[in-house]
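Residues per chain, in single letters:
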Amino acid sequence: MQGNRILLIVAGGIAAYKSLELIRRLRERGAAVRCVLTRAGAEFVTPLALASLSGDKVFSDLFSLTDEAEMGHIRLSREADLVVVAPATADLIAKMAHGLADDLASTALLATDKPVLIAPAMNPEMWQHPATQRNLAQLAADGVRQVGPAPGEMACGETGLGRLAEPDEIVAAIAALLAPVARPLAGVRALVTSGPTVEAIDPVRFIANRSSGKQGHAIAAALAGAGAEVTLVSGPVHEPDPAGVRVVRVESAVAMLAACQAALPVEVAVCAAAVADWRVAEPLTQKLKKRAGGAAPTLALAENPDILKTLARRGPGRPELVIGFAAETEDLEGNARRKLAAKGCDWILANDVSREQATFGGVYNTVKLVRADAELEAWPRLSKAEVAARLVVRIAAHLRAATVAAA
Ligand code: C5P
């Protein structure tokens, strides 16, 4: 990012405060950031804060004689390598989709000849509204890139999809747009499962687990970064959607399997989800009532489908490479090799969960790569993003070798 120039448009929303952190991180990586602040944005962050962090003048007024004399809106939008809108409000997205230009931000967006990345942030109902979704579809068709939003709790107290992507996530999306690196997986289709599954007991209760989805989401992001066309089938998690990945949200194991099968054919499948082994055999359609003096209910469970095993089944349409995970507490290699055979998959990333108590939900992971076709590799303690990056290097090498062998 060293030397890259980013025009950051800050629109009005409570998430605007995160744009300050975003500027700091971009500047740490050597990018020059110049800010345009909308009138509504100025209700949430001050021009002085943006100017202090960016080290540059902040532009906000289309009809300012000084601004227009020093730097016209056309130059402003052209003298950048990338235009980033963070937060992008429903209003500014609508203006962009319709080509309106009634203030400096919308005018610069209409005048630019550079790639545009939006990081939307808004109330979940506004996000889901057909008008917003229509506008987003238009922007996607116009080539505008998008990062986020993430699910979670909003400042307004509601929960859902609409939180601004975290600054790191936006930085990663910017880096990917600015430096189209080697794309060793261009043309490769990949499927990744991530997160927990949630198995309903009745309309309000469920059985789930503590999987954060961090490792699976990092793998999906790394595959997409390497140029693969990625479908991420995820149970409910708090991780933001990785940039450039098609995300399918599911709850139960049965729904996860159906979504995986709908994503086929793919060349690579990575099953990182913590799929519940059992579901409630017959979820109730009405809430289970507690009755005074009544006995505690017994839950009858049924076994869930094994998604990894199903995807790894030999036959036409099987992905070339099927990768699973194994959490073990003893005899890591022996158990991982037995699991390779039992599941029929090609590789297993195994982690010793007896030592790595912080693996679940943590940022780091210590894994061993166990392959049917090669010696075991013991990787050092790495961040989950680095585990993902290493895995992607191995995947690319394997697919290359397979292509050469087939030729
Ligand atoms: O059998 P176990 O749960 O230890 O296997 C773990 C691996 O199998 C992980 O890759 C997990 O994603 C996958 N799995 C699955 N469907 C299940 C159970 C596990 O895809 N029902």
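Residues numbered from 1 in each chain as written. Predicted model: local features only at pLDDT ≥ 70, side-chain atom pairs only at ≥ 80, totals over all residues.

We now examine the overall build of the protein chain. Within the protein chain, the regular secondary structure consists of 14 helices and 22 strands. Taking 2.2 N^0.38 as the reference for a compact globule, 407 residues should give roughly 22 Å; the C-alpha atoms of the protein chain span a radius of gyration of 24 Å, in line with that estimate. Referenced to the eigenvectors of the C-alpha coordinate spread, the extents of the protein chain come out at roughly 75 × 70 × 40 Å. Taking all 407 residues of the protein chain together, the buried fraction comes to 43%. (Helix = DSSP H or I, 4+ residues; strand = E, 2+ residues; numbered from the N terminus. Rg over C-alpha atoms; globule rule 2.2 N^0.38 Å. Buried ≥ 20, exposed ≤ 12 C-beta atoms within 10 Å, placed from the backbone.)

Core analysis: the biggest nonpolar cluster contains 117 residues, and Ile9 and Leu223 have the highest contact counts within it. Among the elements that line this core, the one with the most residues is helix H10 (residues 214-225), at 7 residues. Looking at this core, you find at least three residues from each of domain 1 (5-178) and domain 2 (189-288 + 295-406). Sequence-distant contacts of Leu223, that is, excluding residues within four places in its chain, are made with Leu185, Ala190, Val192, Ala228, Val230 and Val392. (Core = buried A, V, L, I, M, F, W, Y, C linked by C-beta atoms within 7 Å. Domains from an automatic or database assignment. Contact = placed C-beta atoms within 7 Å.)

In this section: H10. In this model H10 runs 16 Å from its N-terminal to its C-terminal C-alpha over 12 residues, within 8% of the 16 Å that 1.5 Å per residue would give. Counting buried positions along H10 gives 12 out of 12 residues, so the element sits mostly inside the fold. Looking only at H10, the buried set comprises Lys214, Gln215, Gly216, His217, Ala218, Ile219, Ala220, Ala221, Ala222, Leu223, Ala224 and Gly225. Of the surrounding secondary structure, the elements contacted by the buried residues of H10 are helix H9 (167-178), strand E9 (189-194), strand E12 (229-234), strand E14 (268-271), strand E19 (364-365) and helix H14 (384-406). Looking at the residues trailing H10, positive phi occurs at Gly227, about 100°. (Expected span 1.5 Å × (residues − 1).)

Lining the immediate environment of the ligand, one finds 13 residues, of which Cys271, Val275, Ile307, Leu308 and Gly324 sit closest. When residues of the shell around the ligand are traced back to their parent elements, those giving at least two are helix H12 (307-312) and strand E17 (321-328). Ranked by residue count, the leading element in the shell around the ligand is E17, at 3 residues. Its residues placed into classes, the shell around the ligand shows 9 nonpolar, 3 polar and 1 charged. (Near = placed C-beta within 6 Å. Nonpolar A, V, L, I, M, F, W, Y, C, P; charged D, E, K, R; others polar.)

Now for the sheet that holds strand E3 (residues 58-59). Taking strand neighbours across the sheet as the criterion, the 6 strands line up as E3-E2-E1-E4-E5-E6 in an open arrangement whose pairing is parallel. Two strands in the sheet have a free side with no partner beyond their single neighbour: E3 and strand E6 (145-146). Two strands pair when backbone bridges link them, and strand E2 (residues 32-37) and E3 are joined in this way by 2 bridges, in the parallel orientation. Looking at E3, one finds that Val36 is bridged to Phe59. (Pairing = 2+ DSSP bridges.)

Right, let's talk about the sheet that holds E14 for a bit. Taken in spatial order, the 8 strands of this open sheet run E13-E12-E9-E14-E17-E18-E20-E21, and their pairing is mixed. The open sheet is flanked by strand E13 (246-249) and strand E21 (374-378), the only strands paired with a single partner. Between one strand axis and the next, the sheet turns by 15° as a mean value, whatever way the strands run. Sheet topology places E9 next to E14; 4 bridges connect them, and they run parallel. Each bridged residue has a counterpart across the sheet, and for Ala190 the counterpart in E14 is Val268. (Axes fitted to C-alpha atoms, helices over the stretch in contact; angles between N-to-C directions.)

When the domains of the protein chain are assigned, the result is domain 1 (5-178) and domain 2 (189-288 + 295-406). Across the boundary between the two partners, domain 1 contributes 11 residues, which contact 5 residues of domain 2. Counting residues per element, the ones that place at least two in the side of domain 1 that touches domain 2 are strand E7 (150-153) and H9. At 4 residues, the largest contribution of residues to the side of domain 1 that touches domain 2 is made by H9.

Mapped onto the fold, Ile207 is located in strand E11 (residues 206-207). On a C-alpha basis, the gap between Ile207 and Ala276 in space is 8.2 Å, while along the polypeptide they are 69 residues apart. Once residues lying within four places of it in the same chain are set aside, the contact partners of Ile207 are Glu199, Ile201, Ala276 and Val280.

The next point concerns the packing of H10 against H14. Close contact between H10 and H14 brings their axes to 8 Å; oriented N to C, the two are set at 45°. Classified by the angle between their axes, H10 and H14 sit oblique to one another. Considering only the axes of H10 and H14, their crossing is right-handed. Every residue of H14 that contacts H10 at Lys214, Gln215, Ala218, Ile219, Ala221, Ala222 and Leu223 is listed here: Lys384, Ala385, Val387, Ala388, Ala389, Leu391 and Val392. For the contact of H10 with H14, the class distribution of residues is 11 nonpolar, 1 polar and 2 charged. (Parallel < 35°, antiparallel > 145°, perpendicular 65-115°, else oblique. Left-handed = near helix turned anticlockwise from the far one by under 90°.)

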